[in-house]
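Structural overview for review
Listed below are the residues making up each chain.
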Amino acid sequence: MRPVAAYFSRIQGFTPNAKLLLARSLISPLGFGIWGVAFNIYLLTIVVDGKQVFGVEFIFMMVAVDWLVHGLSAFPGGLFSDRFGRRKTFLIASVIAILASLGKLFTLDPAALLILAGLAGFGSSFHAVTSGPFLIENCSKEDRSHLFSAQSMFGLIAVTCGALLGGLLPAGIAIAGGFNVVGTQETRMALIIATPLLVVGLLPIYLIRERWTAPESADRYPWYSSWTKNITSIRTISKLCVVTTIGAIGIGAVVPVLNAFFFDRFAFHEEQVGYLFAISSFAAAIGMMATPFIVARVGKVRTIAYTKLLAIPFVLMIPLLPLAAVAVVPFVIRAVLSDVGGPIFSLFIMEQVNPNERGATAGLIHSASEFPMGIAGLTMGWIMASTGEWNFAFGASALFTLLAYLLFLRLFGRRERVAGPAVATEAVP
Amino acid sequence: MKRKFRQLVVLAGVVLAAIVTSPAIALAHEGTEAAVGGGLASFLLPPAVAFSTIVVLAGAYFMVVAVREQRRLGE
């Protein structure tokens, strides 16, 4: 157990700001995890005059609006955080996301619900693009891999617990009340239970101490052009965006349809798919603990590329195995290998650019990932619906992942010098 | 370092094996819808609540420690 103890003792040595961000990574995603699942059940259980008010199509529409606004506002969110500081951006984004989520409980108007879903997406995107820059600015060079992996691990565990509770709490409340069916009251109660968690999640961000100075360009250029003047590492950012886009097509080709695959091929029950995804998320979170140790051995670039490339055979195995009990094994291993390098990729991106362009870079990378992922998911869904062929989606995912990470190795492999167990990765001018 | 890395790989392997085999065992025993639906939900709720409580307490712990350190550092 020594490596696990060493990992946690390393966490003890983080700066107070990094610890506050870890606290937020545990509390807030738990609340949002409950909200994400329980709110969908709440909408589906609303009945007026004997008629169901919202169907699954409306939930998909809300998710699509949230995703679209999230992708569109990522770059402006990054620019905002570069200009006004990470803490301010975090606070504003969190308050918007919480108010938008709570607001959804007070209306049944479809247009209002869609606007609130968009606002929630806006808040979450500002938050997502600020996290990476904030983490790197609040830890020593030696602690970076540990902090990025710990933050991802805590967030993944908390959001999975939240999603499980979001599904189980309404059922538990219904059973406790002696009902056989989950109704609007039970889901509303679960949402009310989760609300304090959302509010408490704001506290660590409020407690963060930041001395932020606006970049020089803010005074030197007019307001409308000063925002983008910080971005100087265009070539590096473009290369990272190309790799991210190709990799995102690989993820989007198969991840959104994985649940449908288990429904279709193995006749899984809804709950079984939910538990399988929860187990794979927990496994991935545990796998992330190993990330700093792998980075220390082989370096960041190779950790990112090798884990993604190692996942490819398992992606190809999933549709070829005839038994459910056997197919879940490569599914879980794929999830672990795909996610292990994620936090280190974020760290690597942050290390390749200058401090004043970190937010903007995170925003661009976020957009370069979200849109291709969504488009690949839609395209594969359409191909699946028209042909009924699963192997194509898994094959396309494997091919794009292979292309993306071979290209990543080619473009960035030489930049990294591995000297013994310690690795030095720095921005190259 | 080499020994630590080897220990970690063994530990990760054991944990992964346990995690990977558990859904397989659960699926092998899958039976009626009731076993998977309401029955399993009420069975899983207490550990899910317990685990979530641990997550929240861990978050609170980090927050308290961070505030104490901020005070000690005079920030």
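It should be emphasised that the depicted structure is a prediction, and the values quoted were computed from it without experimental measurement.

Digging into the pattern of salt bridges
Residue and element names in this part refer to chain A. Enumeration over the complete set of coordinates arrives at 7 salt bridges over all chains. A salt bridge links R86 to D82; the nearest nitrogen and oxygen atoms lie 2.9 Å apart. Each of the two residues, R86 as well as D82, counts as buried. The shortest N-O distance in the salt bridge between R86 and E137 comes to 2.8 Å. On the criterion of sequence distance, the pair formed by R86 in helix α4 (residues 86–103) and E137 in the loop between α5 (110–136) and α6 (144–176) is long-range, its members being 51 residues apart. Overall, R86 belongs to the buried group, its relative accessible area being 0%. A single network of salt bridges, built from pairs that share partners, joins D82, R86, E137 and R358.

A look at the packing of α5 of chain A against helix α17 (residues 342–352) of chain A
Residues and elements named next belong to chain A. Packing of α5 against α17 brings their axes to within 10 Å, and their N-to-C directions diverge by 70°. Between α5 and α17, the interaxial angle falls into the category roughly perpendicular. Between α5, through G132, P133 and I136, and α17, the contact on the second element is made entirely by L347, M350 and E351. Of the residues assigned to the contact of α5 with α17, the class counts are 4 nonpolar, 1 polar and 1 charged.

Some details on the nonpolar core
All names here are of chain A. Grouped together as the largest cluster of nonpolar side chains are 97 residues, with contacts concentrated most on I11, L22, F39, L43, M153 and F408. The biggest single contributor to this core is helix α2 (residues 16–45), with 14 residues. Apart from the residues within four sequence positions on either side, M153 is in contact with Y7, F8, A285, M288 and M289. F266, L276, V315 and W390 belong to the second-largest nonpolar core, a separate cluster that totals 23 residues.

Focus: the confidence of the model for chain B
Residue and element names in this part refer to chain B. Mean pLDDT over chain B works out to 66, with 41% of the residues at or above the 70 mark. Taken element by element, chain B is modelled with least confidence in helix α2 (residues 33–36), mean pLDDT 36, and with most confidence in helix α3 (residues 38–73), mean pLDDT 81. Confidence drops under a pLDDT of 50 for residues 20–38, and excluding neighbours within four residues, the segment shows 23 contacts in the predicted structure. Scoring of the predicted complex yields 0.81 for pTM and 0.78 for ipTM.

Notes on a nonpolar patch on the surface
Taken together, L44, V56 and F60 of chain A make up a surface patch of nonpolar side chains, about 280 Å² in accessible area. With respect to the helices and strands, the residue V56 of chain A is situated in helix α3 (residues 56–84).

As for the side chain of T303 of chain A
Residues and elements named next belong to chain A. Within the secondary structure layout, T303 lies in helix α15 (residues 300–320). On the basis of relative accessible area, T303 is assigned to the buried category, the value being 1%. A polar contact of 2.6 Å, which involves the side chain of T303, links it to the backbone oxygen of G299. Excluding residues that lie within four positions of it along the chain, T303 makes contacts with T291, I294, V295 and V298.

Digging into the packing of aromatic side chains
When we look at a pair of aromatic rings, we describe it by the centre distance and by the angle of the planes. Residues and elements named next belong to chain A. Taken as a whole, this structure holds 24 aromatic pairs over all chains when the rule is applied. Ring geometry for W35 versus F39: centroids 5.9 Å apart, planes at 20°, classification stacked. Of this pair, W35 and F39 both sit in helix α2, 4 residues apart, which is roughly one turn of the helix. Each ring, one from F80 and one from F84, has its centre 4.8 Å from the other, and the planes form 45°; the classification is tilted. With a gap of 4 residues between them, F80 and F84 both fall in helix α3, about one helical turn apart. For F84, a relative accessible area of 32% puts it in the partly exposed group. Seen from the ring of F39, K104 lies directly overhead, with NZ or CZ sitting 5.1 Å from the centre.

Section: the environment of V182 of chain A
Residue and element names in this part refer to chain A. Residue placement: V182 occurs in the loop between α6 and α7 (184–200). The class for V182 is partly exposed, based on a relative accessible area of 27%. Measuring from C-alpha to C-alpha, the distance between V182 and N391 comes to 37 Å, with 209 residues separating the pair along the chain. Contacts of V182, omitting those with residues within four sequence positions, involve I41, T45, P170, A171, A174 and T187.

Reading the values: rules and limits
- Residues numbered from 1 in each chain as written.
- Chains lettered and ligands numbered in written order.
- Predicted model: local features only at pLDDT ≥ 70, side-chain atom pairs only at ≥ 80, totals over all residues.
- Heavy atoms only, no water.
- Salt bridge = Lys/Arg side-chain N within 4 Å of Asp/Glu carboxyl O.
- Buried < 20%, exposed > 50% of the residue type's maximum accessible area, 1.4 Å probe, protein only.
- Helix = DSSP H or I, 4+ residues; strand = E, 2+ residues; numbered from the N terminus.
- Axes fitted to C-alpha atoms, helices over the stretch in contact; angles between N-to-C directions.
- Parallel < 35°, antiparallel > 145°, perpendicular 65-115°, else oblique.
- Contact = heavy atoms within 4.5 Å.
- Nonpolar A, V, L, I, M, F, W, Y, C, P; charged D, E, K, R; others polar.
- Core = buried A, V, L, I, M, F, W, Y, C linked by side-chain atoms within 4.5 Å.
- pLDDT = per-residue confidence, 0-100.
- Patch = residues over 30% accessible without salt bridge, like charges linked within 9 Å, V, L, I, M, F, W, Y side chains within 5 Å.
- Areas by Shrake-Rupley, 256 points an atom, 1.4 Å probe, with all protein chains shown as cover.
- Polar contact = N/O pair within 3.5 Å; in protein donor to acceptor, adjacent residues only side chain to side chain.
- Phe/Tyr/Trp six-rings, centres within 6.5 Å; stacked < 30°, edge-to-face > 60°.
- Lys NZ or Arg CZ within 6 Å of the ring centre and 35° of its normal.

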